[in-house]
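Understanding the architecture of this molecule
Below, each chain spelled out in residue letters.
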Amino acid sequence: MSCPICQKAADAKYRPFCSKRCADIDLGKWLNSEYSIPDANVDGLEEALEASQEKEDRLH
């Protein structure tokens, strides 16, 4: 199995990643909303978009 971040061989200690660095990069992508899990609840989509926009507005 190769690391999903850098494609090097995975290390059993950090599996599926090759190192703590790549594991941390992946975690950062989740925390920064670069990854997401699709929601089958269409009604919740509007609420999520509104909440996201409100969050974005507060940051700027």
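Refer to the preceding data block for the structure.
In this report, we go over the structure that sits alongside the text. (Residues numbered from 1 in each chain as written. Predicted model: local features only at pLDDT ≥ 70, side-chain atom pairs only at ≥ 80, totals over all residues. Heavy atoms only, no water.)

**Re the overall build of the protein chain**
Filter applied, for reference: Put simply, DSSP marks the helices as runs of H or I at least four residues long and the strands as runs of E at least two long, and each gets a number from the N terminus on. C-alpha atoms define the radius of gyration, and 2.2 Å times the number of residues to the power 0.38 defines the globule rule. Each residue gets one of three labels from its accessible area relative to the maximum for its type: buried under 20%, exposed over 50%, partly exposed in between, using a 1.4 Å probe on protein chains only. Here a residue-residue contact requires only that any non-hydrogen atoms of the pair lie within 4.5 Å. The convention is simple: Lys and Arg are positive, Asp and Glu are negative, and His and the chain ends are not counted. To locate a charge, take NZ of a lysine, CZ of an arginine, CG of an aspartate or CD of a glutamate.
A tally of regular secondary structure across the protein chain gives two helices and zero strands. Taking 60 residues into account, the globule formula puts the C-alpha radius of gyration at 10 Å, and the protein chain, at 16 Å, lies well above it. Along the three orthogonal principal directions, the C-alpha set of the protein chain runs to about 40 × 30 × 15 Å. A total of 60 residues make up the protein chain; the buried ones form 10% of that total. Considering only contacts within the protein chain whose residues lie at least 6 apart along the sequence, 3% involve residues at least 24 apart. Side-chain charges in the protein chain split into 8 positive and 12 negative, and the spacing between the mean points of these groups amounts to 18 Å.

**Some words on helix H1 (residues 20–31)**
Definition in use: Expected helix span is taken as 1.5 Å per residue step, with the number of steps being one fewer than the number of residues.
Helix length check: H1, at twelve residues, gives a terminal C-alpha distance of 16 Å against a target of 16 Å (1.5 Å per residue), a fit within 8%. One or two steps after H1, the chain reaches Ser-33, where phi turns positive at roughly 60°.

**Quick word on a nonpolar patch on the surface**
Rules: Nonpolar side chains (Val, Leu, Ile, Met, Phe, Trp, Tyr) are joined into patches within 5 Å and like charges within 9 Å, using only residues with over 30% relative accessible area and no salt bridge. Note on areas: Shrake-Rupley with a 1.4 Å probe; residue coverage comes only from the protein chains shown. Any carboxyl oxygen of Asp or Glu within 4 Å of a side-chain nitrogen of Lys or Arg constitutes a salt bridge here.
Together, Leu-27, Trp-30, Leu-31 and Ile-37 make up an exposed nonpolar region whose accessible area comes to about 470 Å². Relative to the assigned elements, Leu-27 resides in helix H1. Judged by its relative accessible area of 46%, Leu-27 falls in the partly exposed class.

Any functional reading would require information that these geometric values do not contain.
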